[in-house]
Amino acid sequence: MDLIEWVVGFATFIVVAVGITLALEVVLPGSATNPFAGAGVGALAGWGVTKLFGDD
């Protein structure tokens, strides 16, 4: 279960990070903070998804 949990959490991180970054590029094109904001929100989303699996 740990591998599945990791894969789902990492995939969520990537999808959310890329989505937020691209959305911010539409609103604030060329801003240096866009990738960092996307990565931060993506990390929180990925962590949240792994918590849905419960603590081991």
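Residue positions are counted from 1 within each chain, in the order its sequence is given. Totals for whole chains, interfaces and linings use every residue, but because this is a predicted model, local features are given only for residues with pLDDT of at least 70 and side-chain atom pairs only at 80 or more, for both listing and counting. Side-chain measures here rest on the full set of heavy atoms in the structure, leaving out hydrogens and waters.

(A) Focus on the overall build of the chain. Scanning the chain from terminus to terminus reveals 2 helices and 0 strands. Taking 10 Å as the expected radius of gyration for a compact globule of 56 residues, we find that the chain reaches 13 Å, considerably beyond that expectation. Projected onto its principal axes, the C-alpha coordinates of the chain cover approximately 40 × 15 × 15 Å. Counting across all 56 residues of the chain, residues that qualify as buried make up 20%. The numbering of helices and of strands both runs from the N terminus, where a helix is a DSSP run of H or I of at least 4 residues and a strand a run of E of at least 2. Radius of gyration means the value over C-alpha atoms here, while the globule rule gives 2.2 Å times the residue count to the 0.38 power. Exposure classes here rest on a 1.4 Å probe applied to the protein chains alone. A residue is buried below 20% of its type maximum, exposed above 50%, and partly exposed in between.

(B) View of the packing of aromatic side chains. Ring pairs are drawn from Phe, Tyr and Trp, using the six-membered ring of Trp, whenever the two centres fall within 6.5 Å, and their geometry is named by plane angle: stacked under 30 degrees, edge-to-face over 60, tilted for the rest. Tallied over the entire structure, the rule returns 2 aromatic pairs. With a centroid separation of 5.2 Å and an interplanar angle of 5°, the aromatic rings of tryptophan 6 and phenylalanine 10 are classed as stacked. In this pair, tryptophan 6 and phenylalanine 10 both sit in helix α1 (residues 2-27), 4 residues apart, roughly one turn of the helix. The exposure class of tryptophan 6 is exposed, given its relative accessible area of 54%. Both rings, one in phenylalanine 10 and one in phenylalanine 13, keep their centres 5.9 Å apart while their planes meet at 45°; by these two values the pair is tilted. Pair noted here: phenylalanine 10 and phenylalanine 13 are both in helix α1, with a separation of 3 residues, about one helical turn. By relative accessible area, which is 25% here, phenylalanine 13 ends up partly exposed. A connected cluster of aromatic rings, assembled from ring pairs, spans Trp6, Phe10 and Phe13.

(C) The arrangement of the environment of phenylalanine 36 in detail. Within the secondary structure, phenylalanine 36 sits in helix α2 (residues 34-52). As for phenylalanine 36 and alanine 17, which are separated by 19 residues in sequence, their C-alpha atoms are 8.8 Å apart.

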